[in-house]
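Here is how the chains run, residue by residue.
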Number of protein chains: 2
Amino acid sequence: MLFLMQVAVEIKQQIIDVADIRFRRYGFGKTTMWEIAKDCRMSAANLYRYFENKEEIGVEIALKCLHNKEEVGRAVLRRKDLNAEQRLKAFFLEILRYTHQLCEKDLHLFELVAFISEEHPEVVQGHQASLRSFIAEILAEGNRSGEFEVIDIVTTAATILFATVHFYYPPLVMMKNRGLAELEDAEDAVITLLVQGLTKR
Amino acid sequence: MLFLMQVAVEIKQQIIDVADIRFRRYGFGKTTMWEIAKDCRMSAANLYRYFENKEEIGVEIALKCLHNKEEVGRAVLRRKDLNAEQRLKAFFLEILRYTHQLCEKDLHLFELVAFISEEHPEVVQGHQASLRSFIAEILAEGNRSGEFEVIDIVTTAATILFATVHFYYPPLVMMKNRGLAELEDAEDAVITLLVQGLTKR
DNA sequence: CTAATAAATAATCAACAAAATATTCATTAT
DNA sequence: ATAATGAATATTTTGTTGATTATTTATTAG
């Protein structure tokens, strides 16, 4: 592989931007390398100086997409007006809403992310790791404020991610015969239960 | 549609039985109506006196399969040696193990259930309703014993089902790069968390 | 009437050719 | 050297045709 100059980074970015637009509008499969190249005013062959192959372009866009989603969650972490329980609820509510509207609006992008997630497990694993670390932050803060009493924060964050898969995993979010409102109610109920537990006090 | 006599019920059962064997061994798609008919010593056309179409035979078998799974859960409800938390854990552990081994051993059956679940949401909804009612029973018992303090049992059962989808939903159970042992650990952790909650006591 | 069938039709699948597309390579330009 | 291209090759998709299979209909048997 080649050593790419500084300017190459900008060209890579242009390719990603151009491909993003086409992937959203027409889908990954219906977009050709030739079309992407023409949008960048270059030959198709030249694309291969910047990306291994078409799939790698898809990976970049999927990553960008998941990164945006993470930003939505991160924004909740910065809010000052919430206690730990409220923050946990708001966190998953935002993630749920973002996931839902993304998949609803951009069906093609949903398919791309699903496809890439299938072929590149490391992509989704990285995304989950981000979500886990956000949850861990919320738990730590809950411990500090005396609201929570979580011994093993890392493990508990992983457990919470397991229990909330309905709210961030696109195939479940988009499951048939179920509206966003129902999911929002379920999200509130799940977090409430996780916070309070079943045990008599 | 015809009014079927008593003997017809037995013929239907025979059709289901022979189709079950072939679907397991060769899959839904690779089994022909002619083969099913020959196994029953009848013509293919005659099958249509008992089922609308091939898919309806598949539905019956998927139902049987989910029913078996429910029986595994029901068996846990009858055990006398468990408190509510242990029962909840054992319930999902059995469901998880059954789902996993079924999908692992009988790939064809897994595909059939997945396909039917896609086309006939009412099938999976019925299954979930069964699971929910089992969970509700466990919660009620936990309330009786003073172990739990659950106000709205029905809603809480639904919430628990949401949070445990990883352990009964075949596509999640069978997700790549994850062993049964990991899932069993996660199951224990999720139930423990649901029982105890995050809140400081 | 019910039970069943063979024959007819409709829908789906499989194989294969043709076309489109992805990717590589040899070459040119800077 | 890096950057880019057109042409060559490899892979994938698409379209078409024949064969298989699902389903319906007309008919027969009891």
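Rules behind the numbers
Residues numbered from 1 in each chain as written. Chains lettered and ligands numbered in written order. Predicted model: local features only at pLDDT ≥ 70, side-chain atom pairs only at ≥ 80, totals over all residues. Heavy atoms only, no water. Core = buried A, V, L, I, M, F, W, Y, C linked by side-chain atoms within 4.5 Å. Buried < 20%, exposed > 50% of the residue type's maximum accessible area, 1.4 Å probe, protein only. Contact = heavy atoms within 4.5 Å. Domains from an automatic or database assignment. Buried area = accessible area lost by both parts, 1.4 Å probe. Salt bridge = Lys/Arg side-chain N within 4 Å of Asp/Glu carboxyl O. Polar contact = N/O pair within 3.5 Å; in protein donor to acceptor, adjacent residues only side chain to side chain. Near = heavy atom within 4 Å. Helix = DSSP H or I, 4+ residues; strand = E, 2+ residues; numbered from the N terminus. Nonpolar A, V, L, I, M, F, W, Y, C, P; charged D, E, K, R; others polar. Phe/Tyr/Trp six-rings, centres within 6.5 Å; stacked < 30°, edge-to-face > 60°. Lys NZ or Arg CZ within 6 Å of the ring centre and 35° of its normal.

Some thoughts on the nonpolar core
Counting residues in hydrophobic clusters, the biggest one holds 78 residues, and the most contacted among them are Leu88, Phe91, Ile135 and Leu198 of chain A together with Phe91, Ile135 and Leu198 of chain B. If we skip the residues at most four places from it in the chain, phenylalanine 91 of chain B touches Gly73, Val76, Leu131, Phe134, Ile135 and Ile138 of chain B.

Section: the domain arrangement of chain A
Residues and elements named next belong to chain A. You can read the domains of chain A as domain 1 (1-51) and domain 2 (54-196). Summarising the inter-unit geometry, the C-alpha centres of domain 1 and domain 2 are found 30 Å apart. Contact with domain 1, which involves 16 residues of that partner, is made by 13 residues of domain 2. Between domain 1 and domain 2 lies a buried interface of about 1400 Å² when both sides are counted; carbon and sulfur atoms form 70% of it. On the domain 1 side of the interface with domain 2, the three residues burying the most area are Arg24, Phe28 and Phe51, jointly 45% of the side's total. Connecting domain 1 to domain 2 are two salt bridges. Its salt-bridge partner being aspartate 106, residue arginine 24 comes within 3.2 Å of it at the nearest N-O pair. Between domain 1 and domain 2 we count five residue pairs in polar contact (both at pLDDT 80 or more) in total.

Observations concerning the protein's contact with DNA strand D
Looking at DNA strand D, there are 17 residues lining it, with Ser43, Arg49 and Tyr50 of chain A together with Met33 and Tyr48 of chain B nearest. Those atoms of DNA strand D that come within 4 Å of the protein belong to sugar or phosphate at a rate of 73%. One of the side-chain nitrogen or oxygen atoms of lysine 30 of chain A is found 3.2 Å away from a phosphate oxygen of DNA strand D. Here a sugar or linking oxygen of DNA strand D sits 3.4 Å away from a polar atom, N or O, in the side chain of asparagine 46 of chain A. Mapped onto the surface near DNA strand D, the elements with two or more residues apiece are helix H3 (44-47) of chain A together with helix H2 (33-39) of chain B. The class makeup of the residues in the surface near DNA strand D is eight nonpolar, five polar and four charged.

Some thoughts on the interface of chain B and chain A
Facing 37 residues of chain B, the contacting portion of chain A comprises 37 residues. Roughly 3100 Å² of surface becomes buried between chain B and chain A when both sides are summed, with 66% attributable to carbon and sulfur atoms. Our enumeration of links across chain B and chain A arrives at one salt bridge. Close ionic contact of lysine 176 of chain A with glutamate 118 of chain B constitutes a salt bridge, the shortest N to O distance being 3.9 Å. At the surface where chain B touches chain A, the tally comes to eight residue pairs in polar contact (both at pLDDT 80 or more).

Thoughts on the pattern of salt bridges
Taken as a whole and judged by the stated rule, the model has 23 salt bridges over all chains. Residues joined by salt bridges that share partners form a network here, namely Asp20, Arg24, Lys64, Lys105 and Asp106 of chain A.

Observations regarding the packing of aromatic side chains
Tallying each qualifying case throughout the model produces ten aromatic pairs over all chains. Ring geometry for phenylalanine 91 of chain B against phenylalanine 134 of chain B: centres 6.1 Å apart, planes inclined by 80°, an arrangement best described as edge-to-face. Here phenylalanine 91 of chain B, found in helix H5 (residues 84-105), pairs with phenylalanine 134 of chain B, found in helix H7 (residues 121-144); they are 43 residues apart in sequence, far enough to count as distant. Using a relative accessible area of 0% as the deciding quantity, one classes phenylalanine 91 of chain B as buried. The class for phenylalanine 134 of chain B is buried, based on a relative accessible area of 3%. Counting every residue linked through ring pairs, the aromatic cluster contains Phe23, Phe28 and Phe115 of chain A. Here lysine 12 of chain B stacks its cationic end above the ring of phenylalanine 51 of chain B, 5.0 Å away from the centre of that ring.

Quick word on the protein's contact with DNA strand C
The immediate surroundings of DNA strand C are formed by 16 residues, with Met33 and Tyr48 of chain A together with Ser43, Arg49 and Tyr50 of chain B found nearest. A share of 73% of the atoms of DNA strand C within 4 Å of the protein falls on sugar and phosphate groups. Contacts to DNA strand C include lysine 54 of chain A, whose backbone N or O atom sits 2.9 Å from a phosphate oxygen. Lysine 30 of chain B is positioned with one of its side-chain polar atoms (N or O) 3.1 Å from a phosphate oxygen of DNA strand C. Looking at the surface near DNA strand C, the elements that each hand over two or more residues are helix H2 (33-39) of chain A together with helix H3 (44-47) of chain B. Broken down by class, the residue content of the surface near DNA strand C amounts to eight nonpolar, five polar and three charged.

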